[in-house]
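An overview of the molecular structure
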Amino acid sequence: MPLLARMLAAPLVIDVRAGAVGGLGELLADRRIATAGRIAVAVGPTQGASIAAELEIADAEIFGVPDGSHGTAVLLGERLRAGAYEAVAGIGGGKTIDVTKFAAHMAGIPMVAVATNLAHDGIASPVSSLDHESGKASYGVVMPVAVVVDLDRVRCAPDPMGRAGIGDVVSNLSAVADWELATADTGEQVDGLAAAMARSAAQAVVHQPGSCQSDEFLTVLAEALILSGLAMAVAGSSRPCSGGDHEIMHAIDQLYPGTASHGELAGVGALFCAYLRGGDEQAALISACLYRHGLPRTPADLGLADKDFAAAVALAPGTRPGRYTILERLDLDTAAIADRVEDYGRAISG
Ligand SMILES: [Zn+2]
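Residues numbered from 1 in each chain as written. Predicted model: local features only at pLDDT ≥ 70, side-chain atom pairs only at ≥ 80, totals over all residues. Heavy atoms only, no water.

**Points about the confidence of the model for the protein**
Parts of the prediction with low pLDDT should not have their coordinates interpreted in detail. Heads up, the rule is: The pLDDT value expresses, per residue, how confident the predictor is, ranging between 0 and 100. Going along the chain from the N terminus, every DSSP run of H or I of four or more residues is numbered as a helix, and every run of E of two or more is numbered as a strand.
When pLDDT is averaged across the protein, the result is 92; 98% of the residues are at 70 or more. Here helix 2 (residues 48–54) stands out as the element of the protein with the lowest mean pLDDT, 76, in contrast to helix 7 (residues 192–206), whose mean of 98 is the highest.

Here it is, written out as structure tokens:
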């Protein structure tokens with residue numbers, strides 16, 4: 001009988017718990033990721049020193065990751081190659097993990113992602129997003145061999161970064177709805193498994209009543225971010241987690257850099273797209289979730305005037321050519337966008 005199934009590349013280990021950083025040496029040895037002890041550890045600028053002190057890995061070589069640039073990633077990749085390490089652990093926020101993923105791919109060694117905040121869904125994805133001289137680019141890389149989330153570290157992450165991943169996960173609901181629109185209008189196929197993983201992850205967070213102070217909520221959020229990364233790996237693209245919501249996020253980033261973090265912008269983009277699609281139930285769910293966690297929902301919450309947000313909505317489709325979403329379906333002109341943005345602000349605040 002033919003084997004009618006697909007094989008999925010996935011991390012060997014997922015470890016979400018308090019004190020996970022301290023157990024890293026054991027994990028590397030027990031799972032035979034590194035047996036001779038030649039391990040490199042890349043740490044970010046914020047928590048780097050304290051993490052290095054907590055690690056119980058003899059002879060681990062520590063590398064600082066000062067920023068999230070392509071240049072830093074290439075430099076680290078060269079140092080990993082020169083040192084002939086067995087494995088590298090990237091410990092920190094999104095930038096440190098993305099730099100380490102790229103460098104490990106370049107050096108051809110396994111990479112362990114250790115997240116110290118829950119800002120976005122790049123923790124377990126096979127994508128590295130890096131800054132370069134002309135902006136930002138996404139590079140396909142090998143998926144982390146293990147994904148570790150230390151709840152102790154996540155709990156202490158600076159606000160609102162620690163909560164922003166909620167917006168990124170919730171945007172899956174909008175992204176999958178956009179994907180279904182594409183099926184109806186252009187015949188693009190939805191990958192049912194990827195959609196199931198992305199949507200279930202978002203539903204778990206939306207319906208989890210706890211706050212970021214509770215380990216139960218943080219565990220659900222961490223697992224949802226990991227599942228989102230795996231959904232992208234299954235789909236072979238960011239489609240299950242990125243629709244008009246992320247197009248708006250990219251446009252705001254381009255027009256008004258530094259406005260807010262990836263996850264915060266994705267949350268606002270998702271709510272605006274849900275409003276545009278007219279899905280009242282989905283908009284109400286997303287709105288209530290963002291509000292409950294103190295995340296922005298409107299242009300004013302982001303510190304943007306309605307007209308500036310409208311300019312970002314107009315630019316949004318151009319940030320991701322070929323991706324069909326509610327923005328492409330409606331194809332609104334400038335005046336129509338201004339009307340919808342004004343009405344949106346009233347609907348959400350009212
Ligand atoms: Zn995202």
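**Some words on the coordination of the zinc ion**
Note the threshold: Only nitrogen, oxygen and sulfur atoms qualify as donors, provided they sit within 2.8 Å of the metal or within 3.2 Å for Na, K and Ca; with water excluded from the atoms, sites may seem incomplete. Irregular is the label for any site that misses the other tests, which are tetrahedral for four donors with all angles between 85 and 135 degrees, and square planar for four donors or octahedral for six when opposite donors exceed 155 degrees and the remaining angles lie between 65 and 115. The buried label goes to any residue with under 20% of its type's maximum accessible area, the exposed label to any with over 50%, and the partly exposed label to all in between, with areas taken from a 1.4 Å probe on protein chains only.
Note on the zinc ion: its protein donors are Asp168 (OD), Asp168 (OD), His246 (NE2) and His262 (NE2). The metal-donor distances range over 2.1 to 2.8 Å. In this structure, the zinc ion is coordinated by four donor atoms arranged in irregular fashion, with angles at the metal of 50 to 140 degrees. Residue histidine 246 is classed as buried on the basis of its relative accessible area, which comes to 5%. Residue class for histidine 262 comes out partly exposed when judged on its relative accessible area of 30%.

**What about helix 9 (residues 244–255)?**
For the record, the criterion: Given a helix with a known number of residues, its expected span is that number minus one, times 1.5 Å.
Look at helix 9: 16 Å from first C-alpha to last across 12 residues, which is about the 16 Å you get at 1.5 Å a residue. Considered for burial, the residues of helix 9 that qualify are Gly244, Asp245, His246, Glu247, Ile248, Met249, Ala251 and Ile252.

**Some thoughts on the packing of helix 9 against helix 10 (residues 262–277)**
Helix-helix packing is described using two parameters, namely the angle between the two axes and the distance between the axes. To keep things clear, this is the line we draw: Axis definition: a line fitted to C-alpha atoms, limited for helices to the stretch in contact. Angles are taken between N-to-C directions and run from 0 to 180 degrees. For classification, angles of less than 35 degrees are called roughly parallel, those exceeding 145 degrees roughly antiparallel, those between 65 and 115 degrees roughly perpendicular, and all remaining angles oblique. Each crossing gets its hand from how the near helix is turned against the far one by less than a right angle, where anticlockwise is left-handed and clockwise is right-handed. Contacts are assigned to residue pairs that have any heavy atoms within 4.5 Å of one another.
Following both chains from N to C, one finds helix 9 and helix 10 inclined at 130 degrees, their axes separated by 7 Å at the closest point. Relative to helix 10, the element helix 9 lies oblique. Here helix 9 runs over helix 10; the crossing is right-handed. Between helix 9 and helix 10, the residues in contact are Gly244, Asp245, His246, Ile248, Met249, Ile252 and Asp253 and His262, Leu265, Ala266, Gly269, Ala270, Phe272 and Cys273, respectively.

**What to know about the pattern of salt bridges**
Filter applied, for reference: Basic side-chain nitrogens of Lys or Arg form a salt bridge, by our definition, when they fall within 4 Å of a carboxyl oxygen of Asp or Glu.
Tallying each qualifying case throughout the model produces 14 salt bridges. A salt bridge links arginine 277 to aspartate 178, with the shortest nitrogen-to-oxygen separation between them at 2.8 Å. Of the two residues, arginine 277 is situated in helix 10 and aspartate 178 in helix 6 (residues 161–186); the sequence distance between them amounts to 99 residues. What makes aspartate 178 buried here is its relative accessible area of 0%. Close ionic contact of lysine 307 with aspartate 308 constitutes a salt bridge, the shortest N to O distance being 3.3 Å. Under the relative-accessibility criterion, lysine 307 is labelled exposed at 62%. Overall, aspartate 308 belongs to the partly exposed group, its relative accessible area being 22%. Overlapping salt bridges bring together Asp152, Arg155 and Asp215 as one network.

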